[in-house]
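Descriptive analysis of the structure
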Amino acid sequence: MSADSMSTIFQEAVRAAQAAGRDFILIGGHAVNARGYERTTLDFDFAIPLDDLAAWKNILSGLGYRSIHETKAFAQFEPVGGGGFRVDLMLVNDATFAKLLAGSEVRSYGGCEICVAGVLHLVALKLHATRTWDRDVQGKDYYDILSLIRINRIDTCAPEFQSILDRYATPSIKERLLSDLKRSV
Amino acid sequence: MPHPASKSDSSAISSDPFDLDLPEIGPGEGPLDHPEPTFDEQIAHAQFLLAAAPPDFYELRRALMNPEPFRLD
């Protein structure tokens, strides 16, 4: 595994999907990286419309990937030979995808021009992840959320941020986040 | 056969951009976890960022030092 292979996989997947006319949005760890907070991630996460899953299976199959896990909301792929970098897809309905796309920005990342999820949407997705399934908040998502807010200078007093907290954060995460944000960096 | 992302589609009727219809995930329905990255994988990721980060990445990066740079999602 090398940086070159990571770049190649990313660029091939992005360009193949773009050539196929599919809209998709970079989310997850690489979106966090693209928004200024560096931390290791070994998979590429994209949000896609649910109806595009079949097209993505064809795209990734053509790149030598196979499906390893599929649920109502996620599809995960890895190289046929195993190892290497995974591609994870989050499946959302059209209305939600439209909102994510409207909030995204086209940015230069990984040698591609790609839609990266808006920072407030990223925070919402991360908060939802901590609330919804069994993830280790301390180790996996919390510092992503905290750092995204700090680095991107999100106005934590703004009604939209408060609305995101109210909607997606558990009471304990909300309390911890607001407490940490009061401290100096 | 893919299933609907969620039972409801409240976002279809809401104009709030942050009212997202995100799936409620039960046990075993989330994505698979990843194994902890090896040292080589951490280096590969760091080199990937060095080679391909966005133009404002380093400015943003300097704004806050990451206390734990090698964290896996």
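All residue numbers here refer to positions counted from 1 along the written sequence of the relevant chain. Following the order in which they are written, the chains are lettered starting with A and the ligands numbered starting with 1. Local features in a predicted model are, by the rule used here, given only for residues with pLDDT of at least 70; side-chain atom pairs are given and counted only at 80 or more, and totals for whole chains, interfaces and linings are based on all residues.

Structural notes on the overall build of chain B
Spelled out, the test is: Labels follow the DSSP assignment, with helices taken as runs of H or I lasting at least four residues and strands as runs of E lasting at least two, numbered in each case from the N terminus. With C-beta atoms placed from the backbone, a residue is buried if 20 or more other C-beta atoms are within 10 Å of its own, exposed if 12 or fewer are, and partly exposed between those counts.
Each helix and strand counted, chain B has two helices and zero strands in total. Counting all 73 residues of chain B, 25% fall into the buried class.

Thoughts on the overall build of chain A
What counts here: C-alpha atoms define the radius of gyration in this analysis, and the globule rule sets the expected value at 2.2 Å times the number of residues to the power 0.38. Residues are scored as being in contact if the C-beta atoms we place from backbone atoms lie within 7 Å.
What chain A contains, in helices and strands, is eight helices and seven strands. Since a compact globule built from 185 residues should have a radius of gyration of about 16 Å, the 17 Å found for chain A is in line with a globular shape. Counting only C-alpha atoms and orienting by the principal axes, one finds that chain A spans roughly 50 × 35 × 30 Å. Each of the 185 residues in chain A was classed as buried or not, and the buried ones make up 46%. Within chain A, contacts between residues at least 6 apart in sequence are counted, and of these 59% link residues at least 24 apart.

With respect to the confidence of the model for chain B
Atomic detail in the predicted coordinates should be set aside for any region of low pLDDT. Rules: A residue's pLDDT is the confidence the predictor assigns to it, expressed on a 0 to 100 scale.
On average, chain B scores 68 in pLDDT, and the residues at 70 or more come to 48%. Predicted confidence is poor over residues 1-11 of chain B, with pLDDT under 50, and the contacts of this stretch with residues over four places away or in other chains come to 29 contacts.

Here's the deal with the nonpolar core
Residue and element names in this part refer to chain A. Worth spelling out the cut-off: For the purposes of this analysis, a nonpolar core is taken to be any set of buried Ala, Val, Leu, Ile, Met, Phe, Trp, Tyr and Cys residues that are connected through C-beta atoms within 7 Å. Bear in mind that the domain bounds are from an automatic or database domain assignment.
Among the nonpolar cores identified, the biggest contains 62 residues, and L26, I27, A47 and V123 are the most heavily contacted of them. Looking at this core element by element, the count peaks at eight residues for helix α5 (residues 119-132). The two domains that each donate at least three residues to this core are domain 1 (3-117) and domain 2 (122-182). Those residues in contact with L26, other than ones at most four positions away along the chain, are A31, A34, F46, Y109, I114, C115, V116 and A117.

Details of the domain arrangement of chain A
Residues and elements named next belong to chain A. Quick note on the threshold: When residue character is reported, Ala, Val, Leu, Ile, Met, Phe, Trp, Tyr, Cys and Pro are called nonpolar, Asp, Glu, Lys and Arg charged, and the others, Gly included, polar.
Split into domains, chain A comes out as domain 1 (3-117) and domain 2 (122-182). Each of domain 1 and domain 2 has a C-alpha centre, and these two points are 23 Å apart. Facing seven residues of domain 1, the contacting portion of domain 2 comprises seven residues. By residue class, the composition of the side of domain 1 that touches domain 2 is five nonpolar, one polar and one charged.

Some thoughts on unusual backbone geometry
With phi around 50°, R153(A) is a residue other than glycine that occupies positive phi space. By the element assignment, R153(A) lies in the loop between α6 (137-151) and α7 (159-168).

Structural notes on the environment of D51(A)
Tracing the sequence through the fold places D51(A) in the loop between β2 (43-49) and α3 (53-62). Through-space distance from the C-alpha of D51(A) to that of A95(A) is 12 Å; in sequence the pair is 44 residues apart.

Considerations on the pairing of strand β4 (residues 74-79) of chain A
Residues and elements named next belong to chain A. The cut-off we apply is this: Strand pairing requires that DSSP identify at least two bridges connecting the strands.
Note that strand β3 (residues 65-70) and β4 share five bridges and pair antiparallel. Its bridge partner being in β4, Y65 is matched across the sheet by P79. Hairpin remark: β3 followed by β4, antiparallel, with three residues in the connecting loop. Note: β4 against strand β5 (residues 86-92), four bridges, orientation antiparallel.

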